[in-house]
Amino acid sequence: MSDSASDAPSTLRPLPLLIFSSRWLQLPLYLGLIAAQGVYVLLFLKELYHLVMHSWEFTEQQIMLLVLGLIDVVMISNLLVMVIVGGYETFVSRLGLKGHPDQPEWLSHVNAGVLKVKLAMAIIGISSIHLLRTFIEASNIGLPTARITAEGVLWQTIIHTVFILSAIGIAYVDRMTQQKH
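All values reported here derive from a predicted model rather than from experimental measurement.

Side note on the layout of surface pockets
Approximately 430 Å³ is the volume found for the largest pocket. In this structure, the largest pocket is lined by 19 residues; those nearest its centre are Leu65, Leu66, Arg133, Glu137 and Arg147. Of all elements in the fold, only helix 3 (27-54), helix 4 (60-92) and helix 5 (112-137) reach the threshold of two or more residues within the lining of the largest pocket. When residues of the lining of the largest pocket are assigned to their parent elements, the largest contribution, eight residues, is made by helix 4. For the lining of the largest pocket, the class distribution of residues is seven nonpolar, seven polar and five charged.

A few points about the pattern of salt bridges
Throughout the structure, instances matching the rule amount to two salt bridges. The partner of Glu89 in a salt bridge is Arg94, with the nearest N and O atoms 3.2 Å apart. By relative accessible area, which is 13% here, Glu89 ends up buried. The salt bridge involving Arg147 is made with Glu137; its shortest N-O contact spans 2.7 Å. With Arg147 in the loop between helix 5 and helix 6 (150-180) and Glu137 in helix 5, this pair connects stretches of sequence that are ten residues apart. Taking relative accessible area as the criterion, Glu137 reaches 9% and is therefore assigned buried.

A word on the environment of Pro28
Secondary-structure assignment places Pro28 in helix 3. For Pro28 and Phe58, which are 30 residues apart along the polypeptide, the C-alpha to C-alpha distance reads 42 Å.

Structural notes on the packing of aromatic side chains
If you walk through the whole model with that rule in mind, you get two aromatic pairs. Ring centres 6.2 Å apart and planes at 85° place the aromatic pair Tyr30 and Tyr88 in the edge-to-face group. With Tyr30 in helix 3 and Tyr88 in helix 4, this pair connects stretches of sequence that are 58 residues apart. Overall, Tyr88 belongs to the buried group, its relative accessible area being 17%.

Concerning the nonpolar core
Counting residues in each nonpolar core, the largest one holds ten residues, listed as Ile76, Leu79, Met82, Trp106, Leu107, Val110, Leu115, Leu119, Ala122 and Ile126. Elements with a contribution of two residues or more to this core: helix 4 and helix 5. Beyond its immediate chain neighbours, meaning those up to four positions away, Val110 contacts Glu89, Thr90 and Leu115.

The rules behind the values
- Residues numbered from 1 in each chain as written.
- Predicted model: local features only at pLDDT ≥ 70, side-chain atom pairs only at ≥ 80, totals over all residues.
- Heavy atoms only, no water.
- 1 Å grid on protein atoms, 1.4 Å probe; cavity = no way out; pocket = protein on both sides within 12 Å on 5 of 7 lines; lining within 4 Å.
- Points joined across faces, edges and corners; volume = space filled by probe spheres on them.
- Helix = DSSP H or I, 4+ residues; strand = E, 2+ residues; numbered from the N terminus.
- Nonpolar A, V, L, I, M, F, W, Y, C, P; charged D, E, K, R; others polar.
- Salt bridge = Lys/Arg side-chain N within 4 Å of Asp/Glu carboxyl O.
- Buried < 20%, exposed > 50% of the residue type's maximum accessible area, 1.4 Å probe, protein only.
- Phe/Tyr/Trp six-rings, centres within 6.5 Å; stacked < 30°, edge-to-face > 60°.
- Core = buried A, V, L, I, M, F, W, Y, C linked by side-chain atoms within 4.5 Å.
- Contact = heavy atoms within 4.5 Å.

Below you can see the structure in the form of structure tokens.
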């Protein structure tokens, strides 16, 4: 048997072929996330328009909150890109980007563990933006115009801390499994 014959893909029996092919059921999910990213682009443009058109009416705090909202949309969009590209590459099919000048640096070494850690870090970043917005608005606590309460600030801080601890746990477990291989 020659080397080229051994490199040819083997034909799978029907049941393993069905099971292996079922990964393509995720394709509509990734296409849906691409549509969701389109919605985030529209939201970003709407908020940017709102910021530019009313900037002379806003206080510095209002402008800062709007800019943090824009950053939040960008970070969520980055999270979507990681899930779409990384998830498709990891669980469905190779994208064939090797050598492409626009290939994301992280994609060359992505696997399920790396993807989990990157997603956890992105969620912490998004949570940080929300927490910063909450802290900025905290000066209004007790006023009739307040959109948050002291209890809300406390719970948001606790949830953010849990996100951080979860990310540390995920990274630790991923590192332990990588050292054993």
